[in-house]
Amino acid sequence: MKKTNTQNPAVEFDPTELAVLETLIHANDYVSGNTLAKSIGISRTTIHTKIDQLKKSGFKIKATSNRGYFLEKLPQKLTPQLLQTYSNRTIKDFQIFFYPSVDSTNLEAERLFSNGAKPPFAVFTNKQTAGKGRLGRKWHSQANQNLYCSIMFSPNTEPQKLQSFTLWVGIEICRSLKTLIPTLDLKIKWPNDLYCNGKKVSGILTEARIDSDRMHTIILGLGLNINSTSKSFPGEIKTIATSLRAETNQTYDMNALSIEIIQATVRAYNKCIEAKDEDSLPKAWDAFDYLKDKPVSLTENGQKISGLALGINSYGALQVEKNNGTIHSIHSGDVTLKQ
Ligand code: ATP
């Protein structure tokens, strides 16, 4: 994990601490201080210091004389050491920045890029003080319970290539979450919200820098409610928001989920860049379409349109059948479900 020259520097990662952690996770048993010291090439005193640091970060490590150290429990909240350990195993060469608190991960990704960070990279935090939604809306970000991240790419390509990126991210995240939690009733409300049982569990905000017909960078911001309880959402969203915990009565390891989210986003990005799966978008979407066959309304150019949502076309545009039988393609906007 690299430091940035912003006022709020990212957490610096300690490679020795990571090596101690990796050895303990891998062993899944007691490891003597001597073995740890020898295998990593450091003194017993340093081992002791690193174990203390890990304990302070929320790792439960038992120390028993004559047996050594045993990693009893991993922290559930986002922890830089675990994020880095998991990412080293699965998504090498993908830089991760972690902040205990930040205004908005999308804003921080932009700052990092301006300060020289090279995409692709991901920004994670335990707390957003000014989480952003679409159209200037706010994303409520309860500290330590949920996932707040931004993943930045620099495609440097024509913007059309990534016109369905947000939709593919939604699909790939749903696929990952359904694999982990098969009972989850997960749907996507066109174009960017994930719903469980009629309540919003995640919001996606994609922001791109485009000029002279080139898309230079694209940032995928994601808020995913994981371990919040239904009661902990504030009044204005209490009736519309849900979390994985509220849906399944279980809590989840946010570090492992974070890596799944990065992998899902990278799959979606590669699909768009390689342009292999263009025609399969409507079919893939259909499996998670929250609006399908439901009456919807929206305002386009000041005009109110109502009709039945039929799914999306291969460009990702929502197809709405108006009352007069004509099909209207909607490329962007705010769609409301009519009760
Ligand atoms: P919508 O269509 O639901 O109004 P949107 O797609 O236009 O939302 P988003 O950027 O996805 O906008 O999300 C912002 C909105 O989501 C807020 O206006 C609020 O209603 C709701 N919201 C904010 N925080 C959360 C949260 N943690 N969980 C669920 N919903 C939230």
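Use the structure listed above.
This structure is a prediction, so every number in the text was calculated from the model and none was measured. (Residues numbered from 1 in each chain as written. Predicted model: local features only at pLDDT ≥ 70, side-chain atom pairs only at ≥ 80, totals over all residues. Heavy atoms only, no water.)

## Side note on the site of the ligand
At step 1: Taken together, 15 residues surround the ligand, and among them Arg 134, Arg 137, His 140, Asp 193 and Lys 200 come closest.
At step 2: Between the ligand and His 140 there is a distance of 2.8 Å, counted from a nitrogen atom to a backbone nitrogen or oxygen.
At step 3: Within the contact set of the ligand, a nitrogen atom lies 2.9 Å away from a side-chain nitrogen or oxygen of Asn 225.
At step 4: In isolation the ligand has 620 Å² of accessible area, and contact with the protein removes 85% of it.
At step 5: More than half of the atoms belonging to the ligand lie within 2 Å of the grid points that define the largest pocket.
At step 6: Its residues placed into classes, the shell around the ligand shows four nonpolar, four polar and seven charged. (Near = heavy atom within 4 Å. Polar contact = N/O pair within 3.5 Å; in protein donor to acceptor, adjacent residues only side chain to side chain. Areas by Shrake-Rupley, 256 points an atom, 1.4 Å probe, with all protein chains shown as cover. 1 Å grid on protein atoms, 1.4 Å probe; cavity = no way out; pocket = protein on both sides within 12 Å on 5 of 7 lines; lining within 4 Å. Sits in = over half its atoms within 2 Å of the grid points. Nonpolar A, V, L, I, M, F, W, Y, C, P; charged D, E, K, R; others polar.)

## Side note on the pairing of strand β9 (residues 214-224)
At step 1: Where burial is concerned, most of β9 is hidden: nine out of the eleven residues are buried.
At step 2: The pairing of strand β5 (residues 147-153) with β9 spans seven bridges and is classified as antiparallel. From the neighbouring strand, Tyr 148 faces β9, where its bridge partner is Gly 223.
At step 3: As paired strands, strand β8 (residues 199-211) and β9 are joined by ten bridges and run antiparallel to one another. Note that in β9 the partner of Gly 203 across the bridge is Gly 223. (Buried < 20%, exposed > 50% of the residue type's maximum accessible area, 1.4 Å probe, protein only. Helix = DSSP H or I, 4+ residues; strand = E, 2+ residues; numbered from the N terminus. Pairing = 2+ DSSP bridges.)

## Comments concerning the packing of aromatic side chains
At step 1: Inspection of every chain in the model, using the stated rule, returns six aromatic pairs.
At step 2: A ring pair is formed by Phe 153 and Tyr 269, whose centres lie 4.0 Å apart and whose planes are at 10 degrees; its orientation type is stacked. Taken as a pair, Phe 153 in strand β5 and Tyr 269 in helix α8 (residues 254-274) lie far apart in primary sequence, 116 residues in all. Accessibility classification places Phe 153 together with Tyr 269 in one group, the buried group.
At step 3: Note that Lys 294 overlies the ring of Tyr 290, its terminal NZ or CZ placed 4.2 Å from the centroid. (Phe/Tyr/Trp six-rings, centres within 6.5 Å; stacked < 30°, edge-to-face > 60°. Lys NZ or Arg CZ within 6 Å of the ring centre and 35° of its normal.)

## Quick word on the environment of Trp 285
At step 1: Relative to the helices and strands, Trp 285 resides in helix α9 (residues 281-286).
At step 2: Classification of Trp 285 by relative accessible area gives buried; the value is 0%.
At step 3: Trp 285 sits 114 residues away from Ile 171 along the chain, and the two C-alpha atoms are 6.4 Å apart.
At step 4: Excluding residues within four positions of it along the chain, Trp 285 makes contact with Leu 167, Ile 171, Ile 188, Trp 190, Pro 191 and Ile 312. (Contact = heavy atoms within 4.5 Å.)

## What to know about the packing of helix α1 (residues 15-27) against helix α4 (residues 80-90)
At step 1: Where α1 contacts α4, the two axes come as close as 10 Å, and the packing angle between them is 70 degrees. Classified by the interaxial angle, the pair formed by α1 and α4 is roughly perpendicular. Crossing of α1 over α4 shows right-handed handedness. Residue-level contacts link Glu 17, Leu 18, Leu 21, Glu 22 and Ile 25 of α1 to Gln 81, Leu 82, Gln 84, Thr 85, Asn 88 and Arg 89 of α4.
At step 2: Looking at the contact of α1 with α4 residue by residue, the class counts come to four nonpolar, four polar and three charged. (Axes fitted to C-alpha atoms, helices over the stretch in contact; angles between N-to-C directions. Parallel < 35°, antiparallel > 145°, perpendicular 65-115°, else oblique. Left-handed = near helix turned anticlockwise from the far one by under 90°.)

## Notes on the environment of Ala 10
At step 1: You can see Ala 10 is positioned in the segment before α1.
At step 2: Spatially, the C-alpha atoms of Ala 10 and Ser 243 are 27 Å apart, while their sequence positions differ by 233 residues.

## Describing helix α6 (residues 165-180)
At step 1: Its 16 residues give α6 an end-to-end C-alpha distance of 23 Å, which sits within 8% of 22 Å, the value for a rise of 1.5 Å per residue.
At step 2: Buried residues of α6: Phe 165, Thr 166, Leu 167, Trp 168, Val 169, Gly 170, Ile 171, Glu 172, Ile 173, Cys 174, Ser 176 and Leu 177, and no others. (Expected span 1.5 Å × (residues − 1).)

## Concerning the sheet that holds β8
Across a sheet, paired strands are connected by hydrogen bonds in the backbone, their directions being either parallel or antiparallel.
At step 1: Taken in spatial order, the seven strands line up as β3-β4-β5-β9-β8-β7-β6 in an open sheet, and their pairing is mixed. Whereas interior strands pair on both sides, the edge strands pair on one side only; in this sheet they are β3 (95-99) and β6 (186-189). Averaged over all pairs of adjacent strands, the angle between strand axes in this sheet comes to 20 degrees, irrespective of strand direction.
At step 2: As defined by bridge partners, β6 adjoins strand β7 (residues 193-196) across four bridges and the pair is classed as antiparallel. In the sheet register, Lys 189 faces β7, and the bridge partner there is Asp 193.
At step 3: Along the sheet face, α4 touches β3 and β4 (121-125) and points at about 170 degrees away from the line of β3.
At step 4: Against the sheet, helix α5 (residues 105-114) engages β3, β4, β5, β8 and β9, with an angle of about 135 degrees to β4.

## Points about the layout of surface pockets
At step 1: If you add up the space inside the largest pocket, you get close to 850 Å³.
At step 2: Lining the largest pocket are 40 residues; nearest its centre among them are Arg 137, Trp 139, Asp 193, Lys 200 and Ile 240.
At step 3: Those elements that place two or more of their residues in the lining of the largest pocket are α5, β5, β7, β8, β9 and β14 (336-337).
At step 4: In terms of residue count, the dominant contributor to the lining of the largest pocket is β8 (four residues).
At step 5: For the lining of the largest pocket, the class distribution of residues is 15 nonpolar, 16 polar and nine charged.
At step 6: Each of two domains, domain 2 (80-286) and domain 3 (295-337), supplies a minimum of three residues to the lining of the largest pocket.
At step 7: Taken together, 27 residues line the second largest pocket, and the ones lying closest to its centre are Gln 163, Thr 166, Thr 206, His 331 and Ser 332.
At step 8: Mapped by element, the contributors of at least two residues to the lining of the second largest pocket are α6, β8 and β9.
At step 9: The class makeup of the residues in the lining of the second largest pocket is 15 nonpolar, nine polar and three charged. (Points joined across faces, edges and corners; volume = space filled by probe spheres on them. Domains from an automatic or database assignment.)

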